[in-house]
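# Commentary on secondary and tertiary structure
Residue-level listing of the chains:
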Amino acid sequence: MRTLARLALAGLLASAGRAATDDVREAWQLVADHLGRDAYVRLDQLPGPATRERTFAQAVVAIDYQPVTQSRLQSSGATLAELARGDDELAAGAAYLQARLYQVHFQEHDYARAAELYEALARRQPHSHWAQLGLVKLALLRLYAPPEPAAPADRIAAAAELRSRLEEPALVRDLELQLGRAAAFYSLPPDTALPHLLAADHIGGLVGQANEELIVMIGELSLRAGHYAQSRTYFERYLREFTYNMRQVTVRRRLEDLATLEAQARKARP
């Protein structure tokens, strides 16, 4: 839940163009430090009438509070729904988190309701970071959630339609990465996945394992598609950038396979 707390904190600090009070900020830090129970108690004991920022924090901390109960999640969802009626960044954050409850937190997932909430937020506050982030989550639902569209190619096309509505390069990258991974997951031809993966790499900004897997995936799919020069470029890049990794052995073997295929291709030329 640490990610949820960090996302909520970002929205809280941006809401209405002002910072949170010290007490609320301290509660967010407790959640980030995996002290959800302490944050829950701290917020509950604050004096004075509850502000929107404090109410928002209480709703999110209640989601993080262990043990998680469905009744507490339902209560948080109702609070977030009320806060989402505004038109500021806090309202957008509340709407986003409300959708996330339906997508991943409630015991009975309601993907249709989550998609409806993401879409409503994107129409109401299209330039909000929360709305933009919600479009990326909506893409995941279109790619994998039952029941429609059923055909993998149609799922990818439906998710790709959201690209034109994204304004933040990092989120465009994330969408392209999702599209490429989905094409590979559904075993579609490599040339279906590669344009999306290459677009994600071109935008850049991925770090750690996500970047490592992207480079290897492009190398592997390029090899399968017969784009040998591109495959070599990405496999060699992997060896340069990830020097202390056990996967180096596998990548070196794929380069050996690639050399064989390149030699065979040269012999076959008239």
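What counts and how
- Residues numbered from 1 in each chain as written.
- Predicted model: local features only at pLDDT ≥ 70, side-chain atom pairs only at ≥ 80, totals over all residues.
- Heavy atoms only, no water.
- Helix = DSSP H or I, 4+ residues; strand = E, 2+ residues; numbered from the N terminus.
- Buried < 20%, exposed > 50% of the residue type's maximum accessible area, 1.4 Å probe, protein only.
- Areas by Shrake-Rupley, 256 points an atom, 1.4 Å probe, with all protein chains shown as cover.
- Lys, Arg positive; Asp, Glu negative; His and termini not counted.
- Charge placed at Lys NZ, Arg CZ, Asp CG, Glu CD.
- Core = buried A, V, L, I, M, F, W, Y, C linked by side-chain atoms within 4.5 Å.
- Salt bridge = Lys/Arg side-chain N within 4 Å of Asp/Glu carboxyl O.
- Arc of directions from axis to C-beta.
- Phe/Tyr/Trp six-rings, centres within 6.5 Å; stacked < 30°, edge-to-face > 60°.
- Lys NZ or Arg CZ within 6 Å of the ring centre and 35° of its normal.
- pLDDT = per-residue confidence, 0-100.
- Contact = heavy atoms within 4.5 Å.
- Axes fitted to C-alpha atoms, helices over the stretch in contact; angles between N-to-C directions.
- Parallel < 35°, antiparallel > 145°, perpendicular 65-115°, else oblique.
- Left-handed = near helix turned anticlockwise from the far one by under 90°.
- Nonpolar A, V, L, I, M, F, W, Y, C, P; charged D, E, K, R; others polar.

Another aspect to go through is the overall build of the protein. When helices and strands are counted, the protein shows 14 helices and zero strands. When the helices and strands of the protein are read in sequence order from the N terminus, they spell out α-α-α-α-α-α-α-α-α-α-α-α-α-α. Its C-alpha atoms put the protein at 85 × 40 × 35 Å along the principal axes. Here the protein holds 270 residues, and the buried ones make up 44% of them. About 13900 Å² of surface is accessible on the protein, with carbon and sulfur atoms providing 53% of the total. Here the protein contributes 32 positive and 33 negative side-chain charges, whose respective centroids are spaced 4 Å apart.

Right, let's get into the nonpolar core. Formed by 74 residues in total, the largest nonpolar core has its most connected members in Phe56 and Leu80. The element contributing the most residues to this core is helix H8 (residues 129–144), with nine residues.

Our focus in this paragraph is the pattern of salt bridges. By the definition in use, this model includes 17 salt bridges. Here Arg113 makes a salt bridge to Glu116, at a shortest N to O gap of 2.1 Å. With Arg113 and Glu116 both in helix H7 (residues 111–124) and three residues apart, this pair spans about one turn of that helix. Relative accessible area serves as the criterion here: at 28%, Arg113 is assigned to the partly exposed category. Glu176 is the partner of Arg163 in a salt bridge, and the nearest nitrogen-oxygen pair spans 2.7 Å. With a gap of 13 residues between them, Arg163 in the loop between helix H9 (152–160) and helix H10 (169–185) and Glu176 in helix H10 connect regions that are remote in the sequence. Its relative accessible area of 29% is what places Arg163 among the partly exposed residues. One network of salt bridges, in which partners are shared, links Glu220, Arg224, Arg254 and Asp257.

The next subject is helix H3 (residues 36–44). Turning to H3, its buried residues number three or more, namely Gly36, Ala39 and Leu43. The buried residues of H3 all sit within an arc of 60 degrees when viewed along its axis, so they share a single face.

As a further point, take the packing of aromatic side chains. Counted according to the given criterion, the structure contains eight aromatic pairs. Every member of this aromatic cluster is reached through a ring pair, and the members are Tyr96, Tyr118 and Trp130. A cation over a ring is seen here: Arg113 above Tyr102, with NZ or CZ 5.8 Å from the ring centre.

Another aspect to go through is the environment of His105. Structurally, the position occupied by His105 is in helix H6 (residues 89–105). Sequence separation of His105 and His34 is 71 residues, and the distance between their C-alpha atoms is 18 Å.

Take the confidence of the model for the protein next. When the pLDDT values of the protein are averaged, the result is 89; 93% of them are 70 or greater. Residue range residues 13–19 is modelled with pLDDT below 50. Its contacts to residues more than four positions away, or to other chains, number twelve contacts.

Two numbers describe a pair of packed helices, the interaxial angle and the distance between the axes. Running from amino to carboxyl end, helix H2 (residues 22–32) crosses H3 at an angle of 165 degrees, the nearest separation of the two axes being 7 Å. Between H2 and H3, the crossing angle belongs to the class labelled roughly antiparallel. The chirality of how H2 crosses H3 is left-handed. Contacts from Val24, Glu26, Ala27, Leu30 and Val31 of H2 reach H3 at Gly36, Asp38, Ala39, Arg42 and Leu43. Partitioning the contact of H2 with H3 into residue classes produces six nonpolar, one polar and three charged.

With that settled, consider the packing of helix H12 (residues 208–225) against helix H13 (residues 228–241). One can describe the packing of H12 onto H13 by two numbers: an axis separation of 7 Å at closest approach and a directional angle of 155 degrees. Classified by the angle between their axes, H12 and H13 sit roughly antiparallel to one another. Of the two possible hands of crossing, H12 and H13 adopt the one that is left-handed. Here Asn211, Glu212, Ile215, Val216, Ile218, Gly219, Glu220, Ser222 and Leu223 of H12 lie close against H13, whose contacting residues are Tyr228, Gln230, Ser231, Tyr234, Phe235, Arg237, Tyr238 and Glu241. Counted by class, the contact of H12 with H13 contains eight nonpolar, five polar and four charged residues.

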